[in-house]
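In case you want the letters, here they are:
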Amino acid sequence: HLNKVMCEPVFVLPTINQSGAEVYPLPATSQFTIRIATAGFSYHLTDGLGRVVAHGQSQSAQAMVKVADIPSGFYVLTVRATGGTVTKTKVLVAH
C-alpha cells in the first residue's frame, strides 16, 4: 500500500559569483585563463598547505596563469577585483 507523503515547498537560492570570474580550461595542463566582468584584479593560487604557487595582477579584465611548472593536483584560486569583491574557486592542474 502507498503511504501519504506531505511535501513542503523548498526555496533554492541562486549561487552568486559576485565578481563574475570565469576560469578555463579546466583541468589546466600548462596554463589557464581568468576573466572577470570589469578591468583590474589580482590573483593568487595556493596549494593544499596554503602556500602560494602562483600570483599576479592584471589591469585588464583577463589574465593567463602558467601552471606547467607546478605539480598536478587541486589548488585554490583567489581573485580580488579592484572594487574589492573576492572570488575563490578550485582549480585542477593535470599534466
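Report on the accompanying structure. (Residues numbered from 1 in each chain as written. Predicted model: local features only at pLDDT ≥ 70, side-chain atom pairs only at ≥ 80, totals over all residues. Heavy atoms only, no water.)

### Some details on the overall build of the chain
Put simply, the rule reads: A helix here means a DSSP run of H or I that spans at least four residues, while a strand means a run of E at least two residues long, and both kinds are numbered starting from the N terminus. The cut-offs for exposure are 20% and 50% of the maximum accessible area for each residue type, with area from a 1.4 Å probe on protein chains only; residues under the lower value are buried, those over the upper are exposed, and the others partly exposed. Only the protein chains shown count as covering a residue, and every accessible area follows the Shrake-Rupley method with a 1.4 Å probe.
Helix and strand counts for the chain stand at zero helices and seven strands. The linear arrangement of helices and strands in the chain, starting from the amino end, is β-β-β-β-β-β-β. Looking at the chain residue by residue over its 95 residues, the buried ones come to 29%. For the chain, the computed accessible surface area is about 6,900 Å², with 57% contributed by carbon and sulfur atoms.

### Let's talk about the pattern of salt bridges
Formally: Think of a salt bridge as a Lys or Arg side-chain nitrogen and an Asp or Glu carboxyl oxygen that are within 4 Å of each other.
If you walk through the whole model with that rule in mind, you get one salt bridge. Of the charged contacts in the structure, one is a salt bridge between R51 and D47, with a shortest N-O distance of 2.7 Å.

### Let's talk about the sheet that holds strand β2 (residues 31-35)
To summarise the sheet geometry, strands pair through backbone hydrogen bonds and adopt either a parallel or an antiparallel arrangement. We apply this condition: Paired strands are those between which DSSP finds at least two bridges. All axes here are fitted lines through C-alpha atoms, helices being fitted over the stretch that makes contact, and every angle between N-to-C directions spans 0 to 180 degrees.
If you trace the three strands from one edge of the open sheet to the other, you get β1-β2-β5, paired in antiparallel fashion. Two strands bound the open sheet, and with one partner strand each, they are β1 (22-24) and β5 (62-66). Sheet twist, expressed as the average angle between the axes of neighbouring strands with direction ignored, equals 20°.

### Examining the sheet that holds strand β3 (residues 41-46)
Across the sheet, which stays open at both edges, the four strands sit in the order β4-β3-β6-β7 with antiparallel pairing between neighbours. Every other strand in the sheet has two partners, leaving β4 (52-58) and β7 (86-93) as the edge strands with one partner each. Across the sheet, the mean angle separating the axes of adjacent strands is 20° when strand polarity is ignored.

### Details of unusual backbone geometry
The peptide bond linking Y24 to P25 adopts the cis configuration, its omega dihedral lying at -10°. Within the secondary structure, P25 is located in the loop between β1 and β2. Cis geometry is found at the peptide bond from L26 to P27, where omega equals 0°. Assignment of secondary structure puts P27 in the loop between β1 and β2.

### Some words on the environment of A61
Just so we agree on the cut-off: A contact between two residues is defined here by any heavy atoms of the two lying within 4.5 Å.
With respect to the helices and strands, the residue A61 is situated in the loop between β4 and β5. Separated by 20 residues in the primary sequence, A61 and A81 have C-alpha atoms spaced 9.4 Å apart. Excluding anything up to four places from it in sequence, A61 contacts I34, R35, I36, T38, A39 and F41.

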